[in-house]
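# Observations on chain architecture
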2 protein chains.
Amino acid sequence: MGFTIKDVAERAGVSPATVSRVLNGQQRYIRPETRERVLRAVQELGYLPDRRAQALRRRRTGVIGVLTPDISNPFFSLLVRGVEHEARAHGYSVLICDSQNAPEGEDRAIDALLRERVDGVIVTSVRADNTKLLKFLSKGIALVVADRPLTHLDVPTVTVDNVRDGYKLTKHLLALGYERLAFIQGPPDTATALGRWTGYLQALREHDLEPPKGAVVSGDFTFEGGYRAAKRLLRRLGAFDAIVAANDLMALGALYALRERGIAVPDELGLAGFDDIPMASWVHPRLTTVAIPAYRIGKEAMKLLCACVRTDADKVRHRVLPTRLVVGESCRPSRR
Amino acid sequence: MGFTIKDVAERAGVSPATVSRVLNGQQRYIRPETRERVLRAVQELGYLPDRRAQALRRRRTGVIGVLTPDISNPFFSLLVRGVEHEARAHGYSVLICDSQNAPEGEDRAIDALLRERVDGVIVTSVRADNTKLLKFLSKGIALVVADRPLTHLDVPTVTVDNVRDGYKLTKHLLALGYERLAFIQGPPDTATALGRWTGYLQALREHDLEPPKGAVVSGDFTFEGGYRAAKRLLRRLGAFDAIVAANDLMALGALYALRERGIAVPDELGLAGFDDIPMASWVHPRLTTVAIPAYRIGKEAMKLLCACVRTDADKVRHRVLPTRLVVGESCRPSRR
DNA sequence: ACGTTTTCTGAAAACGTTCTCGGGAATCGT
DNA sequence: ACGATTCCCGAGAACGTTTTCAGAAAACGT
């Protein structure tokens, strides 16, 4: 059935040790003719080394794990893609664990990653304070946090400045003439959602404004959640002149709810989000949003992880990537 | 750092064998007190067995692979989700390999899966005739094909009837009064794309119609591809009164192109696709499409795989799941 | 009280690799 | 021609589990 290194050795008339040496690119100290024979045997049998046996013997698996709250969220699937691309370049393969946006799912995923003995982990946690992540560190597994900073752990981190983004977007809307900005929040225990909310509040305060009464509702970062949140908001129609959603997916859900009710965007209500996921530019009107470089976040996180693994000098490095305000057509140019 | 079964054994004052027995649910022949001591030691050390060592010793890894052409395509991410859900229920974990829609990527992924010694594979191949898949069978690895049937292999398969779907949708459009249906094709070597195209041709022939000249263009199942294809089509504007795309993602890309050109759907042009991905119902007008039960396909494929592994009586079973025509608003009710 | 069965547990051999030794053959320097 | 290097390669011990085998201790039947 499956051939082992012994089969190859036998066929080539050498010892397993030699086969291993040939395959692992030990260039020197191998007679060309021997190498030739081994490679031919490998070829003929279609031999592929057993990764699990390799991992057991070498003290590393060559696998890094990425813990994501929701892979079907385009933002994270882009981030993962960034990780994968960089990982491949370094010879790692990636194991994706989806926590389904649930703390229990996250704990399960962490155990799975520990059992798999991954060499490192890139995590965007559901909760900002998951202490179970400490397990990685205590077992000497490199850990890098992407996108969502943790409160209790000082580890390398690749993020954006969510407060600044929230502030930036809100200021933009205020500058356009909007004054009563409804807000659809994200999960309250993620730093991302919290940061954007904080920035929003800051900007309002600067204009001596407050969130309109009853026009702040909670969501869960999904399209459906945004849709439901918007429906709740619409009961207070008139209390606000624009909606800011804590991410694009919810903004799109809101857009759907508005269209359902026949409310024109941006003519009757402004709408904005965060992330600039591909779909944000596919809809009409093109969503005004803040572009978060998800792919680059993943890529940089992987780079940091490699640095951690190589030089285990754990000088904690944080990288904060720049973002860009994307002016779409979902907020009208100016009020007058 | 990482604790082994020996550490646990030592701490509990028993042999590794006993620890293993306790952990693997060998209920009988273990003194309750011993079990107690072992479990406490496991608890205290936070011991988690090494999956790789386990896999090496037992002759199975408990991992099944799924080979998908493009995980960022919502259709496949839904399919994978179906696989995952069912797999978890059977105690399997899944390893996702994305071939990036490229034959070379697929070959690489197959090798990866072979090296990982997965217990089984669910594959939706890029090419209908990839002979490299035979390797799985020759190594005794269970193989189930999902969504895209293969031409050269007789293995368990879960599909829909693409020809029927293409026929069904086309008939629907013809019944609405459309007569000159442009077509955006999918990758020519996938059975899915081919089947839908075939069904489309069948339906046209029944009405003594032909594809409008110059209004058949090729695409690659992506949003961007659909967008570009539509732009090409628009050079022949007037030669057709509706566009059928071989999947929803391309239809959405086309929708974007039409909007860009200020062409109203469905007033000036009809538009339809296949799959009924979530986004098809998020846009305006709601896409007319044929709903393919991606999640169920994944789920059923996993069920078949389990059946294969258990009873290696390889009685090939094919399952063809029903589909449903979803009448949206992207095709006008009737022509008059 | 003495075989016989039933419970419980440990020693040790796998699983498929890699890697450290060490030893034989070839090459080199003189 | 002969010690000293330099090349090449095999034996065998790991890596962390599971599982077979067998043996000791306890329970049982007479």
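Scoring rules and cut-offs
Residues numbered from 1 in each chain as written. Chains lettered and ligands numbered in written order. Predicted model: local features only at pLDDT ≥ 70, side-chain atom pairs only at ≥ 80, totals over all residues. Heavy atoms only, no water. Near = heavy atom within 4 Å. Polar contact = N/O pair within 3.5 Å; in protein donor to acceptor, adjacent residues only side chain to side chain. Helix = DSSP H or I, 4+ residues; strand = E, 2+ residues; numbered from the N terminus. Nonpolar A, V, L, I, M, F, W, Y, C, P; charged D, E, K, R; others polar. Pairing = 2+ DSSP bridges. Axes fitted to C-alpha atoms, helices over the stretch in contact; angles between N-to-C directions. Contact = heavy atoms within 4.5 Å. 1 Å grid on protein atoms, 1.4 Å probe; cavity = no way out; pocket = protein on both sides within 12 Å on 5 of 7 lines; lining within 4 Å. Points joined across faces, edges and corners; volume = space filled by probe spheres on them. Buried area = accessible area lost by both parts, 1.4 Å probe. Salt bridge = Lys/Arg side-chain N within 4 Å of Asp/Glu carboxyl O. Parallel < 35°, antiparallel > 145°, perpendicular 65-115°, else oblique. Left-handed = near helix turned anticlockwise from the far one by under 90°. Least-squares fit on C-alpha atoms with pLDDT ≥ 70 in both.

Near DNA strand D there are 26 residues, and of these T18 and T34 of chain A together with I5, S20 and R57 of chain B occur at the shortest range. The sugar-phosphate share of atoms of DNA strand D within 4 Å of the protein amounts to 64%. In the model, a phosphate oxygen of DNA strand D is placed 2.9 Å from a nitrogen or oxygen of the S15 of chain A main chain. One of the side-chain N or O atoms of Y29 of chain A is found 3.1 Å from a phosphate oxygen in DNA strand D. The set of elements that each furnish at least two residues to the surface near DNA strand D consists of α2 (16-23) and α4 (51-57) of chain A together with α2 (16-23) and α4 (51-57) of chain B. Residue composition of the surface near DNA strand D, grouped by class: ten nonpolar, seven polar and nine charged.

Here the focus is the sheet that holds strand β2 (residues 93-98) of chain A. Residues and elements named next belong to chain A. Read from one edge to the other, the open sheet built from six strands follows the order β2-β1-β3-β4-β5-β11, with strand pairing classed as parallel. Each edge of the open sheet carries a strand with a single partner, namely β2 and β11 (318-320). Pairs of neighbouring strands in the sheet enclose a mean axial angle of 15°, with direction left out of account. Two strands pair when backbone bridges link them, and strand β1 (residues 63-68) and strand β3 (residues 120-123) are joined in this way by four bridges, in the parallel orientation. By the bridge assignment for β3, L67 is matched with V123. Relative to the sheet, helix α5 (residues 74-89) contacts β1, β2, β3 and β4 (142-146), its axis offset from that of β2 by approximately 160°.

A separate point is empty space enclosed by the protein. Under the criterion given, the structure shown has three cavities of 30 Å³ or more. Empty space within the largest cavity amounts to approximately 130 Å³. Forming the walls of the largest cavity are 16 residues, and the residues nearest its centre are W282 and V283 of chain A together with M279, W282 and V283 of chain B. Contributions of two or more residues to the lining of the largest cavity are made by α11 (248-260) of chain A together with α11 (248-260) of chain B.

Here we come to the interface of chain B and chain A. Facing the 39 residues of chain B at the interface are 40 residues of chain A. Summing the contributions of chain B and of chain A, the shared interface buries around 4,000 Å²; its carbon and sulfur component is 53%. Ranking the residues of chain B by area buried against chain A places L48, R52 and W282 of chain B at the top, with a combined share of 21%. Taken together, chain B and chain A are joined by ten salt bridges.

Right, let's talk about the packing of helix α1 (residues 5-12) of chain B against helix α3 (residues 32-45) of chain B for a bit. Residues and elements named next belong to chain B. Contact pair α1 / α3: the axes reach a minimum separation of 9 Å and the direction vectors enclose 125°. The orientation of α1 with respect to α3, classified from their angle, is oblique. Considering only the axes of α1 and α3, their crossing is right-handed. Note on element contacts: α3 touches α1 through R37, V38, A41, V42, E44 and L45, opposite D7, V8, R11 and A12.

Below, the discussion takes up the relation of the copies chain B and chain A. Placing chain B over chain A gives an RMSD of 0.1 Å and needs a rotation angle of 180°, together with 0.0 Å of translation along the axis. What the rotation and shift describe, once combined, is the action of a two-fold rotation axis. Taking the C-alpha atom as reference, chain B places R52 of chain B closest to the rotation axis, 2.6 Å from it. Taken together, the interface assignments show that 100% of the residues at the interface of chain B recur at the interface of chain A, consistent with an identical surface on both copies.

Residues and elements named next belong to chain A. Reading across from one edge, β7-β6-β8-β9-β10-β12 is the order of the six strands in this open sheet, with mixed pairing throughout. With one partner strand each, in any of the chains shown, β7 (216-218) and β12 (324-326) form the two edges of the open sheet. Here the strands of the sheet are splayed against their neighbours by 15° on average, with no regard to which way each runs. Contacting β6 (181-185), β7 and β9 (270-275), helix α9 (residues 191-206) crosses the sheet at an angle of about 165° to β6. Relative to β7, helix α10 (residues 223-233) is tilted by about 150°, and along the sheet it contacts β6, β7 and β8 (242-245).

Shape descriptors only; they carry no functional weight alone.
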